[in-house]
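Each chain is listed here by its residues.
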Amino acid sequence: MGSASDRAGLKRAVLTAPLWMQSTKASSRHVAEAVGVSQSFVARAWQEFAAPNPTTESVSAMLAERQMVLVGFAVGPTGSCFVLNPSRASRVRYPAGLSTSSKRRLRAVLAADLLRSVLQDPDTTGQGHGLWASLESAGQSLAEAIILVSGDFAVPADVRPAAHFVDAWQWQKLVAALDRLPQVPTGEQLADLEWRIRRWYQGGRTPFSWTVDRKEPTTLGSSTAEFIESGNALTEDILSAIRQGLVDGTFSGESEISMGTLNRLLGAPVRDIRSAVRALTEDGLVTAARSDSVVVRIPSLDDVSETYMARRALGAIVVRAASRWSPEGRSQVKKLLDELGDCVRRNDVARAHHLDMEFQTALFESSGLNRIPAMLETLTKQAFMHFAVIGARYAFSPTIILEQNTEIFESIDKADLRAATLSWQAKMDDGLNYYAQHIFAMNQQRSQNRG
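Predicted, not measured: the structure shown is a model, and the values here were computed from it. Each chain has its residues counted from 1, running along the sequence as written. For a predicted model such as this one, the threshold for reporting local features is a pLDDT of at least 70, and the threshold for listing and counting side-chain atom pairs is 80 or more; totals across whole chains, interfaces and linings nevertheless cover every residue. By convention in this description, side-chain values take in all heavy atoms of the structure and omit both hydrogens and water.

For the purposes of this entry, the term helix denotes a DSSP run of H or I that reaches at least four residues, the term strand denotes a run of E that reaches at least two, and both are numbered from the N terminus. Secondary structure summary: the protein contains 18 helices and 8 strands in total. For the exposure calls, accessible area comes from a 1.4 Å probe over protein chains only, and a residue counts as buried if that area is under 20% of its type's maximum, exposed if over 50%, partly exposed in between. For the protein, buried positions account for 51% of its 451 residues. By the convention used here, residues are in contact when the closest approach between their heavy atoms is within 4.5 Å. Nonlocal contacts in the protein, meaning residues at least 24 apart in sequence, comprise 75% of its contacts between residues at least 6 apart. As displayed, the protein offers around 20900 Å² of accessible surface, 50% of which is attributable to carbon and sulfur atoms. Only the protein chains shown count as cover for residues, with accessible areas throughout obtained via the Shrake-Rupley method and a probe of 1.4 Å.

Encoded structure:
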């Protein structure tokens with residue numbers, strides 16, 4: 001059986017394996033093979049830390065009372081910290097809960113606390129400063145936040161943590177409480193957080209800090225501006241939930257998705273979901289099936305061609321205007337291009353496609369134009385919704401995406417407007433050609449199946 005210290009070492013290896021394994025797959029079989037233990041040992045270790053205790057039960061009670069979203073996370077030499085803020089749907093108790101894959105990612109994020117002893121910068125004086133400064137910069141208030149800390153993680157003098165976990169082992173049990181967080185947007189945030197922590201562990205391991213990119217409206221306001229901002233965020237969440245469901249098999253093309261299903265996934269009122277879905281329908285991103293459901297239609301070649309031809313023409317105008325971008329606009333586009341380069345080195349196909357959409361959106365916004373960027377953003381979302389419908393079988397090369405986007409960026413940076421236009425048009429032509437080949441093959445297969 002081995003000594004208690006030996007078993008503790010194996011449990012530590014099991015929990016931290018997703019951060020140091022070469023493969024990004026972290027099923028019980030893959031972890032068992034990497035650590036050199038049985039699958040049952042891995043399953044028992046996961047089950048042990050999923051069992052609630054009084055501290056995690058108190059956190060669960062807080063999350064049951066008010067729906068929260070993840071806005072910050074940090075790991076320092078003496079502890080870790082989660083920061084949660086109220087979601088916009090927090091005034092009523094809406095159902096929440098993470099998917100199986102998101103729980104796996106949550107386990108990996110929590111496991112980073114077991115590795116803080118290997119931090120290469122032992123300075124403890126400012127371990128939390130970066131987190132609090134980033135949250136303040138992002139406009140995240142701590143007035144109603146739930147702050148969870150392990151060890152001796154430093155918090156501001158006027159902040160009182162909602163729960164304190166004395167050591168890294170107790171911290172692992174948070175998986176029993178945080179699985180109540182809403183899948184949308186937490187699933188996407190955990191995916192981003194997991195790959196960043198993997199890169200952190202494998203590339204230096206200085207104190208780590210992460211804050212959410214987009215500030216979610218925290219309450220359902222009554223003013224027009226607040227309603228519009230909340231509605232826009234909700235449409236993004238609905239798109240994210242549908243795309244994720246199409247990729248993981250929860251939904252399929254042509255199947256109806258009810259308002260009730262979206263309510264359970266998002267924790268937002270059905271009336272608000274219905275208004276957001278109406279806006280998505282007007283933009284052609286979903287199709288209304290009945291008054292209480294929508295359908296994501298499998299795209300035809302005409303659908304895809306129309307979308308790409310419009311993006312080709314409007315994008316040519318935008319990339320020429322982007323030559324006048326501000327330093328801030330250029331910096332944001334370059335940042336996304338650099339992140340895309342990291343994805344190529346890791347062959348992270350899913351993340352590369354997501355960053356490609358963000359790159360294009362940032363490029364549109366940097367143009368300084370008023371109307372065309374919004375039109376292009378809608379068309380780009382249409383194209384990526386088509387991708388999601390056929391996502392399990394679609395894998396456009398991240399290397400080609402990086403080459404295309406680099407050419408566009410460098411041409412704009414040199415104010416070579418002709419080259420920028422041609423690079424954008426070539427990117428659209430390549431995308432349409434790939435879709436056309438895929439749709440032809442898909443239709444041929446469906447025809448054979450019917451025969």
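This part covers the pattern of salt bridges. A side chain with one charge may pair with a side chain of the opposite charge, provided their charged atoms come close. Any Lys or Arg side-chain nitrogen found within 4 Å of a carboxyl oxygen on Asp or Glu counts as a salt bridge. Within the structure shown, the criterion is met by 14 salt bridges. Taking the shortest distance from any N to any O, the salt bridge between R104 and E194 comes out at 3.0 Å. A residue pair is termed long-range when its members are at least 10 positions apart, and R104 in helix 5 (residues 100-111) and E194 in helix 9 (residues 183-202) qualify at 90 residues. Classification of E194 as buried rests on a relative accessible area of 9%. For R330, the salt bridge is made with D413, and the minimal N-O distance between the two is 2.8 Å. Pair noted here: R330 is in helix 14 (residues 327-346) and D413 is in helix 17 (residues 398-413), with a separation of 83 residues, a long-range link. Assessed through its relative accessible area of 36%, D413 is described here as partly exposed. Each of R196, K335, E339 and R351 takes part in salt bridges that share partners, so that together they form one network.

Let's shift gears to the packing of helix 5 against helix 9. Closest axis-to-axis distance for the helix 5/helix 9 pair is 9 Å, and the angle between their directions is 45 degrees. Considering the angle they form, helix 5 stands oblique to helix 9. Every pair of crossing elements has a handedness; the one defined by helix 5 and helix 9 is left-handed. Residues S102, R104, R105, L106, A108 and V109 of helix 5 form the contact with helix 9, whose participating residues are Q183, G187, L190, A191, L193, E194 and I197. Only the stretch in contact is used when fitting a helix axis, every axis being a line fitted to C-alpha atoms; angles between N-to-C directions are given from 0 to 180 degrees. Small angles under 35 degrees read as roughly parallel and large ones over 145 as roughly antiparallel, with 65 to 115 read as roughly perpendicular and the rest as oblique. Here a crossing is called left-handed whenever its near helix is offset anticlockwise from the far helix by less than a right angle, and right-handed whenever the offset is clockwise.

Moving on to unusual backbone geometry. Backbone geometry places A415, a non-glycine residue, at a positive phi of 60 degrees. Along the polypeptide, A415 turns up in the loop between helix 17 and helix 18 (417-450).

It is worth spelling out the nonpolar core at this point. As used in this record, nonpolar core signifies buried Ala, Val, Leu, Ile, Met, Phe, Trp, Tyr and Cys residues forming a set joined through side-chain atoms within 4.5 Å. Of all hydrophobic cores here, the largest spans 47 residues; its most connected members are F73, F82, L148 and L174. When neighbours within four sequence positions are excluded, F73 is seen to be in contact with C81, F82, V109, L131, W171, L193, I197, F208, S209 and W210. Core analysis: the second largest hydrophobic core is formed by 34 residues, A352, L355, L363 and I408 among them.

What follows covers the environment of A241. Summarising the element assignment, A241 is placed in helix 10 (residues 224-248). Under the relative-accessibility criterion, A241 is labelled buried at 5%. In the structure, A241 is positioned 57 residues away from V184 in sequence and 6.3 Å away in space, judged by C-alpha atoms. Every residue in contact with A241, bar those within four places of it in the chain, is listed here: V184, F251, L265 and L266.

A residue's pLDDT is simply how confident the predictor is in it, with values from 0 to 100. Here the protein averages 80 in pLDDT, and 82% of its residues register 70 or above. Looking across the protein, the model is least confident in helix 10, with a mean pLDDT of 59, and most confident in strand 3 (residues 146-150), with 96.

Our focus in this paragraph is the environment of E410. Residue position: E410 is located in helix 17. With a relative accessible area of 43%, E410 lands in the partly exposed category. With 10 residues separating them in the primary sequence, E410 and A420 have C-alpha atoms 8.1 Å apart.

Moving on, we get to the packing of aromatic side chains. Stacked, tilted and edge-to-face are the three classes applied to pairs of Phe, Tyr and Trp rings, where Trp contributes its six-membered ring and a pair requires centres within 6.5 Å; stacked means planes under 30 degrees apart, edge-to-face means over 60, and tilted covers the rest. Per the counting criterion, the structure on display carries 10 aromatic pairs. On the numbers, 5.6 Å between centres and 85 degrees between planes, the contact of F165 with W171 is edge-to-face. Judged by relative accessible area, which is 2%, F165 ranks as buried. Its relative accessible area of 0% is what places W171 among the buried residues.

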